[in-house]
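Spelled out, the chains give:
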Amino acid sequence: MTIPLGLGMATVIKTAIAYSNSGKEYIGVQVLVDGAEESELSWAKIYLTPPAMGIARQKLKLCGFDCDTRTLRELKTNEGALTGAHVPVMVEEKQGSNGTYISVDITLQEKPI
């Protein structure tokens with residue numbers, strides 16, 4: 001894998017509405033991290049639960065989607081609604097039950113220079 005770890009930038013490829021194992025709705029955002037190979041697409045999650053909506057609105061705004069002027073229904077019916085957005089991401093290597101994996105999250109941290 002050549003996905004660079006740490007704070008970086010990524011381009012949104014597409015989105016999909018999904019549900020976690022516990023039933024929480026989220027937007028899956030497929031991204032290509034800058035510096036990664038085209039075959040190394042990753043998924044970030046933006047949770048749409050009531051406690052997470054403040055952060056979700058901020059992350060969606062970073063993707064060029066203003067929840068004050070557009071509806072979440074658009075994201076549910078148009079997987080290309082965020083395509084092409086260039087967003088800040090945090091890429092980390094994590095340990096899971098099946099071994100080490102790469103985690104990508106759209107971040108509210110400052111964009112790298």
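The sections below set out a description of the structure shown in this document.

How each quantity is defined
Residues numbered from 1 in each chain as written. Predicted model: local features only at pLDDT ≥ 70, side-chain atom pairs only at ≥ 80, totals over all residues. Heavy atoms only, no water. Phe/Tyr/Trp six-rings, centres within 6.5 Å; stacked < 30°, edge-to-face > 60°. Lys NZ or Arg CZ within 6 Å of the ring centre and 35° of its normal. Pairing = 2+ DSSP bridges. Helix = DSSP H or I, 4+ residues; strand = E, 2+ residues; numbered from the N terminus. Axes fitted to C-alpha atoms, helices over the stretch in contact; angles between N-to-C directions. Contact = heavy atoms within 4.5 Å. Buried < 20%, exposed > 50% of the residue type's maximum accessible area, 1.4 Å probe, protein only. Arc of directions from axis to C-beta.

### Here's the deal with the packing of aromatic side chains
- This model, assessed by the stated rule, comprises one aromatic pair.
- Stacked on the ring of Tyr26, the Lys or Arg Lys45 has its end atom at 4.9 Å from the ring centre.

### Brief notes about the sheet that holds strand β3 (residues 42–47)
- Spatial strand order, β3-β2-β1-β4-β5: five strands in an open sheet with antiparallel pairing. Looking at which strands have only one partner, the edges of the open sheet turn out to be β3 and β5 (99–106). The mean inter-strand angle of the sheet, taken between neighbouring strand axes irrespective of direction, is 45°.
- Where strand β4 (residues 86–96) meets β5, eight bridges bridge the pair, whose relative direction is antiparallel. Each bridged residue has a counterpart across the sheet, and for Glu93 the counterpart in β5 is Ile102.
- Contacts from helix α1 (residues 53–62) reach β2 (25–33), β3, β4 and β5 within the one sheet, and its direction differs from that of β3 by about 135°.

### Observations regarding the pairing of β3
- Residues of β3 alternate between two faces, with Ser42, Ala44 and Ile46 buried on one and Trp43, Lys45 and Tyr47 left unburied on the opposite face.
- Summarising the sheet, β2 and β3 pair through six bridges and their orientation is antiparallel. Residue pairing for β3: Tyr26 is matched across the bridge by Tyr47.

### With respect to the environment of Lys61
- Turning to its location among the elements, Lys61 is positioned in helix α1.
- What makes Lys61 exposed here is its relative accessible area of 52%.
- The spacing of Lys61 and Val87 is 26 residues in sequence and 9.8 Å in space, taken between C-alpha atoms.

### Thoughts on α1
- Those residues of α1 lying buried are Ala56, Lys59 and Leu60. For α1, the angular spread of buried residues about the axis comes to 100°, placing them on one side.
- Among the structural elements, β2, β3, α2 (72–77) and β5 are those in contact with the buried residues of α1.

All quantities given are derived from atomic positions and should not be read as evidence of function.
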